[in-house]
Amino acid sequence: DTAVSQTPKYLVTQMGNDKSIKCEQNLGHDTMYWYKQDSKKFLKIMFSYNNKELIINETVPNRFSPKSPDKAHLNLHINSLELGDSAVYFCASGRTDTQYFGPGTRLTVL
Amino acid sequence: LAKTTQPISMDSYEGQEVNITCSHNNIATNDYITWYQQFPSQGPRFIIQGYKTKVTNEVASLFIPADRKSSTLSLPRVSLSDTAVYYCLVDRGGSQGNLIFGKGTKLSVKP
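Residues numbered from 1 in each chain as written. Chains lettered and ligands numbered in written order. Predicted model: local features only at pLDDT ≥ 70, side-chain atom pairs only at ≥ 80, totals over all residues. Heavy atoms only, no water.

1. What about the overall build of chain A?
Then step 1. In terms of helices and strands, chain A carries 0 helices and 11 strands.
Then step 2. Taken over the C-alpha trace, chain A has a radius of gyration of 13 Å; the compact-globule value for 110 residues is 13 Å, and the two agree within 12%.
Then step 3. Here the C-alpha coordinates of chain A stretch approximately 35 × 30 × 25 Å along the principal axes.
Then step 4. In chain A, the share of contacts with a sequence separation of at least 24, taken over all contacts with a separation of at least 6, comes to 54%.
Then step 5. Across chain A, the mean location of the 13 positive side-chain charges is 5 Å away from that of the 11 negative side-chain charges. (Helix = DSSP H or I, 4+ residues; strand = E, 2+ residues; numbered from the N terminus. Rg over C-alpha atoms; globule rule 2.2 N^0.38 Å. Contact = heavy atoms within 4.5 Å. Lys, Arg positive; Asp, Glu negative; His and termini not counted. Charge placed at Lys NZ, Arg CZ, Asp CG, Glu CD.)

Structure follows, in structure tokens:
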């Protein structure tokens, strides 16, 4: 059973498009997260979210927005995609000190 | 900025014990020390966590001195499959806040 799953695994799109990445966790965790790992392999938190509070990393452009239809899902919506958005995006869930990560979504913006 | 400092890379050979040290001079009283492992094209995976002294599990050991300003992840008898990036993090835990990953240590295990 996959604890944290993401779809799609690969996403190739044109600049200016709007896309979404889905994330689901079956661990019963209250908090979910989105990370971006760029070409230099630096892993950077984008959001942490539970049913009470959204914490946004202030460096994240407002083109990025998390949407949570329920406790088990936290989807990432990206508007007006730019070349610099190309990266691997990881979803995670759990406590801040003990997180379970998904397999990642490799986004390529052409 | 990451709250930890660790070597960028390390090389080892199969069967050796590998020790990766992490500095966290500004660790807070409530912070725990956690190590993650990341293989290429995969998400990070929790390895071990500790607060003080020594913690051991089936994967690794974590040594933390009394002042808690550093910690050492010890991997016994590494194999080729242990080639990965290892991240050291300090965080107080809980359900809110942002976990800050540094650049990690890229461990390369050679035959």
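2. Here we look at the pattern of salt bridges
Should their charged atoms come close, side chains of opposite charge can pair.
Residues and elements named next belong to chain A.
Then step 1. Following the criterion strictly, the structure yields 4 salt bridges over all chains and no others.
Then step 2. With a shortest N-O distance of 3.5 Å, Arg63 and Glu82 are connected by a salt bridge. Note that Arg63 is positioned in the loop between β6 (54-56) and β7 (64-67) and Glu82 in the loop between β8 (75-78) and β9 (87-95), a separation of 19 residues in sequence.
Then step 3. Via salt bridges that share partners, Arg63, Glu82 and Asp85 belong to a single interconnected network. (Salt bridge = Lys/Arg side-chain N within 4 Å of Asp/Glu carboxyl O.)

3. Quick notes on the state of the cysteines
Then step 1. Taken as a whole, this structure holds 2 disulfides over all chains when the rule is applied.
Then step 2. A sulfur-sulfur separation of 1.8 Å characterises the disulfide bridge that pairs Cys23 of chain A with Cys91 of chain A. Because the sign of the S-S torsion sets the handedness, a value of about -75° for the bond joining Cys23 of chain A and Cys91 of chain A places this disulfide among the left-handed ones. Remark: Cys91 of chain A occurs in strand β9 and Cys23 of chain A occurs in strand β3 (residues 19-25); sequence separation between them is 68 residues. Cys91 of chain A shares its class with Cys23 of chain A; the two are buried.
Then step 3. With a sulfur-sulfur separation of 2.2 Å, Cys22 of chain B is cross-linked through a disulfide to Cys88 of chain B. Disulfide Cys22 of chain B-Cys88 of chain B: torsion about the S-S bond near -80°, hence left-handed. (Disulfide = S-S within 2.5 Å. Buried < 20%, exposed > 50% of the residue type's maximum accessible area, 1.4 Å probe, protein only.)

4. A look at a positive patch on the surface
Then step 1. On the surface, a cluster of positive charge is contributed by Lys9, Lys41 and Arg106 of chain A together with Lys106 of chain B.
Then step 2. Among the secondary structure elements, Arg106 of chain A is positioned in strand β11 (residues 105-109). (Patch = residues over 30% accessible without salt bridge, like charges linked within 9 Å, V, L, I, M, F, W, Y side chains within 5 Å. Areas by Shrake-Rupley, 256 points an atom, 1.4 Å probe, with all protein chains shown as cover.)

5. A word on the nonpolar core
Then step 1. Formed by 20 residues in total, the largest nonpolar core has its most connected members in Ile33, Trp35, Leu73, Leu75 and Tyr86 of chain B.
Then step 2. Secondary structure elements with two or more residues in this core: β2 (18-23), β3 (32-38), β4 (45-50), β6 (61-64), β7 (70-75), β8 (84-91) and β9 (105-110) of chain B.
Then step 3. Residues within four places of Leu73 of chain B in sequence aside, it is in contact with Val18, Asn19, Ile20, Trp35, Ile47, Ile48, Ala60, Ser61, Leu62 and Tyr86 of chain B.
Then step 4. If you look at the next biggest cluster of nonpolar residues, it comprises 19 residues, including Phe64, Ile78, Leu81 and Tyr89 of chain A. (Core = buried A, V, L, I, M, F, W, Y, C linked by side-chain atoms within 4.5 Å.)

6. Quick word on the environment of Ser65 of chain A
Residues and elements named next belong to chain A.
Then step 1. Positionally, Ser65 belongs in strand β7.
Then step 2. Given the relative accessible area of 18%, Ser65 is considered buried.
Then step 3. Distance in space between the C-alpha atoms of Ser65 and Asn75 is 8.4 Å, their sequence separation being 10 residues.
Then step 4. Apart from residues no more than four positions distant in its own chain, Ser65 is found in contact with Phe47, Asn75, Leu76 and His77.

7. Things to note about unusual backbone geometry
Then step 1. Geometrically, the link from Thr7 of chain A to Pro8 of chain A is a cis peptide bond, its omega value of 0° lying close to zero.
Then step 2. With respect to the element layout, Pro8 of chain A can be found in the loop between β1 (4-7) and β2 (10-13).
Then step 3. The phi dihedral of Ser80 of chain A is positive, around 45°, even though this residue is not glycine.
Then step 4. Along the polypeptide, Ser80 of chain A turns up in the loop between β8 and β9.
Then step 5. Phi at Arg77 of chain B is positive, roughly 45°, even though this residue is not glycine.

8. Things to note about the interface of chain A and chain B
Then step 1. On the side of chain B, 22 residues touch chain A, which itself brings 22 residues to the contact.
Then step 2. For the pair chain A and chain B, the summed buried area comes to about 1900 Å², and 48% of that belongs to carbon and sulfur atoms.
Then step 3. Connecting chain A to chain B are 0 salt bridges.
Then step 4. At the junction of chain A with chain B, the criterion picks out 3 residue pairs in polar contact (both at pLDDT 80 or more). (Buried area = accessible area lost by both parts, 1.4 Å probe. Polar contact = N/O pair within 3.5 Å; in protein donor to acceptor, adjacent residues only side chain to side chain.)

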